[in-house]
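Coordinate analysis (summary)
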Protein chains: 2
Amino acid sequence: MQKFALIVAGGSGQRMQSDTPKQFLPLNNLPVLMHTLRAFDFDDIQVHLALPKHQIQHWQELVEQYDFDVPHQVFPGGETRFHTVQNGLQNLSADDGLVAIHDGVRPMISREIIRQSFAIAQEMGNAITAVPLKDSIRQINGDHSSALERGQFRLIQTPQTFQLPIIQKAFEQPYQPGFTDDASVLEAAGHHIHLIAGDYRNLKITTPEDMIVAESHLKA
Amino acid sequence: MQKFALIVAGGSGQRMQSDTPKQFLPLNNLPVLMHTLRAFDFDDIQVHLALPKHQIQHWQELVEQYDFDVPHQVFPGGETRFHTVQNGLQNLSADDGLVAIHDGVRPMISREIIRQSFAIAQEMGNAITAVPLKDSIRQINGDHSSALERGQFRLIQTPQTFQLPIIQKAFEQPYQPGFTDDASVLEAAGHHIHLIAGDYRNLKITTPEDMIVAESHLKA
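Since the model is a prediction, treat every value here as computed from it, not as a measurement.

The rules behind each value
- Residues numbered from 1 in each chain as written.
- Chains lettered and ligands numbered in written order.
- Predicted model: local features only at pLDDT ≥ 70, side-chain atom pairs only at ≥ 80, totals over all residues.
- Heavy atoms only, no water.
- Contact = heavy atoms within 4.5 Å.
- Buried area = accessible area lost by both parts, 1.4 Å probe.
- Salt bridge = Lys/Arg side-chain N within 4 Å of Asp/Glu carboxyl O.
- Polar contact = N/O pair within 3.5 Å; in protein donor to acceptor, adjacent residues only side chain to side chain.
- Helix = DSSP H or I, 4+ residues; strand = E, 2+ residues; numbered from the N terminus.
- Nonpolar A, V, L, I, M, F, W, Y, C, P; charged D, E, K, R; others polar.
- Pairing = 2+ DSSP bridges.
- Core = buried A, V, L, I, M, F, W, Y, C linked by side-chain atoms within 4.5 Å.
- Buried < 20%, exposed > 50% of the residue type's maximum accessible area, 1.4 Å probe, protein only.
- Least-squares fit on C-alpha atoms with pLDDT ≥ 70 in both.
- pLDDT = per-residue confidence, 0-100.
- Arc of directions from axis to C-beta.
- Phe/Tyr/Trp six-rings, centres within 6.5 Å; stacked < 30°, edge-to-face > 60°.
- Lys NZ or Arg CZ within 6 Å of the ring centre and 35° of its normal.

Moving on to the interface of chain B and chain A. Facing 40 residues of chain B, the contacting portion of chain A comprises 40 residues. Taken over both partners, the interface formed by chain B and chain A buries close to 3700 Å², and the fraction arising from carbon and sulfur atoms is 56%. Looking at the side of chain B facing chain A, the largest losses of area belong to Lys134, Arg138 and Ile140 of chain B, adding up to 17% of the total buried there. At the junction of chain B with chain A, the criterion picks out six salt bridges. For Arg106 of chain A, the salt bridge identified is with Asp135 of chain B, shortest N-O distance 2.7 Å. Summed over the shared surface of chain B and chain A, the number is 21 residue pairs in polar contact (both at pLDDT 80 or more). Going through the elements one at a time, strand 8 (136-141), strand 9 (144-148), strand 10 (153-163), helix 6 (182-188) and helix 7 (208-219) of chain B are the ones with two or more residues in the side of chain B that touches chain A. With six residues, the single largest contributor to the side of chain B that touches chain A is helix 7 of chain B. Looking at side-chain class alone, the side of chain B that touches chain A contains 14 nonpolar, 14 polar and 12 charged residues. In this structure, strand 10 (residues 153-163) of chain A lies alongside strand 8 of chain B, joined through four bridges in antiparallel fashion.

Quick look at the nonpolar core now. Among the nonpolar cores identified, the biggest contains 30 residues, and Leu33, Leu37, Phe40 and Trp59 of chain B are the most heavily contacted of them. If you list the elements that add at least two residues to this core, you get strand 1 (3-8), helix 1 (32-39), strand 4 (46-51), helix 2 (56-65), strand 6 (98-103) and helix 4 (111-124) of chain B. Contacts of Trp59 of chain B, omitting those with residues within four sequence positions, involve Phe24, Leu33, Met34, Leu37, Leu49, Leu51, Phe68, His72 and Val74 of chain B. Ile7, Leu33, Leu51 and Ile114 of chain A belong to the second largest nonpolar core, which has 29 residues in total.

So, on to the relation of the copies chain B and chain A. In this structure, two copies of a chain are linked by a rotation about an axis accompanied by a shift along it. Placing chain B over chain A gives an RMSD of 0.0 Å and needs a rotation angle of 180°, together with 0.0 Å of translation along the axis. Within this description, the copies of the chain are treated as partners about a two-fold rotation axis. Taking C-alpha positions as reference, the residue of chain B nearest the rotation axis is Val213 of chain B, located at 2.6 Å. Residue by residue, 100% of the interface of chain B is reproduced at the interface of chain A, so both copies engage with the same surface.

Bringing the environment of Gly104 of chain A into the picture now. Residue and element names in this part refer to chain A. Mapped onto the fold, Gly104 is located in the loop between strand 6 (98-103) and helix 4 (111-124). The spatial distance from the C-alpha of Gly104 to the C-alpha of Arg150 is 28 Å, given a sequence separation of 46 residues. With sequence-adjacent residues up to four places away left out, Gly104 is seen in contact with Ile7, Val8, Ala9, Val32, Leu33 and Thr36.

Counted according to the given criterion, the structure contains 18 salt bridges over all chains. One salt bridge connects Asp103 of chain A with Arg106 of chain A, and the closest N-O pair in it is separated by 2.9 Å. Residue Asp103 of chain A shares its accessibility class with Arg106 of chain A, and that shared class is buried. A cluster of three or more residues bridged by salt bridges with shared partners is formed by Arg81, Asp103, Arg106 and Asp182 of chain A together with Asp135 of chain B.

In this section: the pairing of strand 5 (residues 73-76) of chain B. In the case of a regular strand, side chains alternate between the two sheet surfaces. The pairing of strand 4 of chain B with strand 5 of chain B spans four bridges and is classified as parallel. The residue of strand 5 of chain B that forms the bridge with Ala50 of chain B is Phe75 of chain B.

Let us look at the confidence of the model for chain A. Taken residue by residue, chain A gives an average pLDDT of 92. The fraction at 70 or more is 96%. Here the prediction assigns the complex a pTM of 0.88, and the interface score ipTM is 0.89.

The next point concerns the side chain of His102 of chain A. Here His102 of chain A lies in strand 6. Filtering out sequence-adjacent residues up to four positions away, His102 of chain A remains in contact with Leu6, Ile7, Val8, Thr36, Phe40, Ile109, Thr158, Pro159 and Asn202 of chain A.

Cis geometry is found at the peptide bond from Thr158 of chain A to Pro159 of chain A, where omega equals 10°. Take Pro159 of chain A: it is sitting in strand 10. Of note in the backbone geometry, Asn29 of chain B takes a positive phi value of approximately 70° without being a glycine. Examined against the element boundaries, Asn29 of chain B turns out to sit in the loop between strand 2 (26-27) and strand 3 (30-31). The phi dihedral of Asp44 of chain B falls on the positive side, at around 55°, and the residue is not glycine. Within the secondary structure, Asp44 of chain B sits in the loop between helix 1 and strand 4. On the accessibility criterion, Asp44 of chain B (71% relative accessible area) is exposed.

To continue, consider helix 2 (residues 56-65) of chain A. Residue and element names in this part refer to chain A. Burial in helix 2 covers these residues: Ile56, Trp59 and Leu62. Buried residues of helix 2, seen end-on, are gathered within an arc of 115° and therefore sit on one face of the element. Seen from the buried face of helix 2, the exposed residues on the opposite side, beyond 90 degrees, are Gln57, Glu64 and Gln65. Along its buried surface, helix 2 packs onto strand 3 (30-31), helix 1 (32-39), strand 4 (46-51) and strand 5 (73-76).

Once that is clear, we can look at the packing of aromatic side chains. All names here are of chain A. Across all of its chains, the model carries 13 aromatic pairs over all chains by this definition. Residues Phe82 and Phe171 carry aromatic rings whose centres are separated by 5.0 Å and whose planes lie at 25° to one another, so their mutual orientation is stacked. Of this pair, Phe82 sits in helix 3 (residues 81-91) while Phe171 is found in the loop between helix 5 (164-170) and helix 6 (182-188), placing the two residues 89 residues apart along the sequence. For the residue pair Phe82 and Phe171, the accessibility class agrees, reading buried in each case. Of the aromatic side chains, those joined through ring pairs into one cluster are Phe82, Phe171, Tyr175 and Phe179. The positively charged end of Lys3 is found above the aromatic ring belonging to Phe118, 5.8 Å away from the centroid.

Here it is in structure tokens:
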């Protein structure tokens, strides 16, 4: 069954205190996004990459500069993550197969989790990567907050992997602000969500500290 | 006003795949716990350290071996974190002042947050360190899970700092299994919880990966 990866790189770099969007920052001498794409370059996975329109030229320059050889197709992102993925799913020009949707700024994803995620999605319709909480959690409500039982929660990562016809159909819904990830779109379409075990190393690079952490993981 | 730090080090090392409890593992050539104690060694903060009874002798050997010069008093931990803190609060032999209760395995805590936490607790009664979620979050319910609005949640760190009479009184309650941190004890006693901004660097060392992360933060 054809496997696709949809890598979503929408960041502007504001939280990185940097003019360079975080997906382009060098991690062990290679831009973050190249690590991410390389992670999906096995088992004939077809890689598609969403970038903000104004970053596409810069990306193509980087590809040349680094002699980056992972085959991939680039398409322009939309107004929100939802619109970007909606675009991407239409762009695949396929109506069967499996698609792993993954954050461009999660370069530490392992082949093991990617493989697992395709396998479970093939069997169950979807596979959403998640990890338990290490810290206590509280719910805030205006000025107040209350303790919760952390065992009842999971932090959601990517990849979020789906049977293509199911997720394409789900993305025909009108946009809702609550659509913060692809699983929430599928859930709103009435589907049952299957969580699979992620990995604390699979961090989302959001702050300058995360670059240090990712670099040390890569070296270890 | 007298300031106390109650450092709670109860870990057994099981999750670290190591025979050495994680608080004793060397981080940049110094045991984790010594970094933590050193972080509180300013502004005349009186440092108290809770250790499992059978680890106290080993700790004293380490103190000698490393010529560790942060003044502190050691007391034996109880059956759960709740009982340990309950013990510790009784051991302070003070009934006024402020106490910062802190995880022994959070060595990366900054003076800035410690200071802030004492200042807010003095003013408001308590100050609980917390950070927003970077990832999406789902609530699990047996085989099912549902998306939540991550902006409504905070991950809770330490220090959790209190006016001593208030927290001593709260710890007179009978133990409940829901008492996963000190804020939940105070909340159960009917108090309003004040969250203050923590720091993603202030991680809790739980897994071998966390040691790598902490080491790279220290070097940066």
